[in-house]
Amino acid sequence: MSTENINGKKVALVTGATRGIGAAIAKQLIQDGLFVVGTATTTEGAARISEQLAGQGAGMLLDVRDSAAIDQLITQIEAEFGSVAVLVNNAGITRDNLLLRMSHDDWSDILSIHLGAVFQLSKRVLRGMTKMRFGRIVSVSSVVAQMGNGGQANYAAAKAGMEGFSRSLAREMGSRNITVNCVAPGFIATDMTEELSAEAKAKMLAQIAVNRLGAPEDIAHAVSFLVSENSGYITGTVLPVNGGLYMH
């Protein structure tokens, strides 16, 4: 079974592609010659993705917590564009709070979006990848999975689970030419970091060896390598992209 769709391109699915890291990944994969489907949580967001991808991809609506919606989305992609050869699990939110004040919903929503969705999406695309005998799954983790962070027990637990899941799946699927890896960003320049005070930014930069915040494109470049043909001997790994914030 061919890894390419009707346009002669591999099909990539990037969740959470409306802005920031997800948008940068989608743009990079387009430049790499893939046909990219990016997901959003609103119809407006999906339309914006389609506009940004300019005919070289498509934006689609998806709530990653909904297993039926995931199955429906992948079925639609397979029918319209071809089997998914590359999956990038990027969709995510934060619900930060000290554990003593964290609600059950704050815990369960984070695990559902960051970990449950990775399970559901990976399982669903593996059917096509197995038939193609090719696949690349990359999940966007976080430096907090390794170093922890006060007020983010839910987020850190979900990301650490994502990394353990990826290592286990890598062992299961390696013989079928399907690799499974994670990219773990550090502090990335976003709308949120722009709102920080000068003092807070200085304190943050003091922890980073390269003395700058990361850009979404830094993460996109790492993902680009891990989904390429050149990365076929790399699986079950977590690639830190944190500028030396945390070394191990």
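Cut-offs applied
Residues numbered from 1 in each chain as written. Predicted model: local features only at pLDDT ≥ 70, side-chain atom pairs only at ≥ 80, totals over all residues. Heavy atoms only, no water. Salt bridge = Lys/Arg side-chain N within 4 Å of Asp/Glu carboxyl O. Buried < 20%, exposed > 50% of the residue type's maximum accessible area, 1.4 Å probe, protein only. Helix = DSSP H or I, 4+ residues; strand = E, 2+ residues; numbered from the N terminus. Expected span 1.5 Å × (residues − 1). Arc of directions from axis to C-beta. Contact = heavy atoms within 4.5 Å. Polar contact = N/O pair within 3.5 Å; in protein donor to acceptor, adjacent residues only side chain to side chain. 1 Å grid on protein atoms, 1.4 Å probe; cavity = no way out; pocket = protein on both sides within 12 Å on 5 of 7 lines; lining within 4 Å. Points joined across faces, edges and corners; volume = space filled by probe spheres on them. Phe/Tyr/Trp six-rings, centres within 6.5 Å; stacked < 30°, edge-to-face > 60°. Lys NZ or Arg CZ within 6 Å of the ring centre and 35° of its normal. UniProt positions renumbered as here; feature names shortened; annotations may be inferred. Pairing = 2+ DSSP bridges. Axes fitted to C-alpha atoms, helices over the stretch in contact; angles between N-to-C directions.

Engineer: What should I look at first to understand the pattern of salt bridges in this one?
Structural biologist: Two side chains of opposite charge can pair, provided their charged atoms sit close to one another. Per the stated rule, a full pass over the model turns up seven salt bridges. Note that aspartate 63 and arginine 65 form a salt bridge whose closest N and O atoms lie 3.1 Å from each other. Residue aspartate 63 is classed as partly exposed on the basis of its relative accessible area of 33%. Arginine 65 gets classed as partly exposed once you look at its relative accessible area, which sits at 44%. A salt bridge links arginine 95 to aspartate 109; the shortest N-O distance between them is 2.9 Å. Within this pair, whereas arginine 95 is found in the loop between strand 4 (84-89) and helix 4 (104-132), its partner aspartate 109 is found in helix 4, the two being separated by 14 residues in sequence. A cluster of three or more residues bridged by salt bridges with shared partners is formed by Asp71, Glu78 and Arg124.

Engineer: What exactly am I supposed to notice about unusual backbone geometry here?
Structural biologist: With the exception of glycine, most residues fall at negative phi, and the peptide bonds are largely trans. Positive phi is not limited to glycine here, since arginine 133 has a value of about 55°. Here arginine 133 lies in the loop between helix 4 and strand 5 (135-140). The phi torsion at asparagine 211 lies on the positive side, around 60°, for a residue other than glycine. Its place among the elements puts asparagine 211 in the loop between helix 8 (198-205) and helix 9 (216-226).

Engineer: Could you clarify how one ought to interpret helix 3 (residues 67-80) in this entry?
Structural biologist: Each α-helix turn comprises 3.6 residues. Residues three or four places apart therefore point the same way. Taking 1.5 Å as the rise per residue, helix 3 with 14 residues should run 20 Å; its terminal C-alpha atoms sit 20 Å apart, in good agreement. Here helix 3 has its buried residues at Ile70, Leu73, Ile74 and Ile77. Looking straight down helix 3, one finds that the buried residues subtend no more than 95° of arc, so they occupy a single side. For helix 3, the exposed residues lying more than 90 degrees away from the buried face are Ala68, Gln72 and Ala79. Close packing links the buried residues of helix 3 with strand 1 (11-14), strand 2 (35-40), strand 3 (57-61), strand 4 and helix 4. With a side-chain oxygen lying 3.0 Å from the backbone nitrogen of alanine 68, the N-terminal cap of helix 3 falls on aspartate 66. Count one or two residues on from helix 3 and you reach glycine 82, which has phi positive near 120°.

Engineer: Teacher, can you tell me more about empty space enclosed by the protein here?
Structural biologist: Unfilled space is identified by rolling a water-sized probe across the atoms. Using the criterion set out here, one finds one cavity of 30 Å³ or more in the structure. In this structure, the largest cavity occupies an estimated 60 Å³ of space. Taken together, 13 residues form the lining of the largest cavity, with Thr15, Asn89, Asn90, Ala91 and Ile113 sitting closest to its centre. At the level of elements, helix 4 and helix 6 (153-173) are the ones that each hand at least two residues to the lining of the largest cavity.

Engineer: Teacher, can you tell me more about the packing of aromatic side chains here?
Structural biologist: Ring pairs (aromatic) are described by centroid distance and by the angle formed between their planes. All told, the structure shown has one aromatic pair when counted by the stated rule. Sitting over the ring of phenylalanine 134, lysine 10 keeps its end group 5.1 Å from the ring centre.

Engineer: Help me understand the UniProt feature "binding site: NADP(+)" (unreviewed entry) in the protein chain in this model?
Structural biologist: In the numbering used here, UniProt assigns the "binding site: NADP(+)" (unreviewed entry) feature to Gly16, Ala17, Thr18, Arg19, Thr41, Asn90, Tyr155, Ala156, Ala157, Ala158, Lys159 and Ile188. For the annotated residues, spread through 173 residues, the largest C-alpha to C-alpha distance comes to 24.8 Å, inconsistent with a single compact locus. Residues from the annotated list that form part of the lining of the largest cavity: Asn90 and Lys159. With respect to the secondary-structure elements, tyrosine 155 resides in helix 6. Once residues within four sequence positions are removed from consideration, tyrosine 155 is found in contact with Ile93, Thr94, Ile110, His114, Ser142 and Val144. Each residue touching alanine 158, except ones within four places of it in the same chain, is listed here: Ile110, Leu111, His114 and Leu115.

Engineer: In this structure, what is going on with the sheet that holds strand 1? I would like to understand it.
Structural biologist: In a beta sheet, neighbouring strands pair by backbone hydrogen bonds and run either parallel or antiparallel. The sheet built from seven strands is open, its strands ordered 3-2-1-4-5-6-7 with parallel pairing. Of all the strands in the sheet, just strand 3 and strand 7 (238-241) have a single pairing partner and so form its edges. Sheet twist, expressed as the average angle between the axes of neighbouring strands with direction ignored, equals 20°. In this sheet, strand 4 lies alongside strand 1 in parallel orientation, the contact comprising four bridges. Within the sheet, the bridge partner assigned to valine 11 lies in strand 4 and is valine 84. Against the sheet, helix 2 (residues 43-53) makes contact with strand 2 and strand 3, and its axis sits at roughly 175° relative to strand 3, the strand it touches most. This element, helix 9, spans strand 4, strand 5, strand 6 (178-185) and strand 7 of the sheet and lies at about 165° to strand 6.

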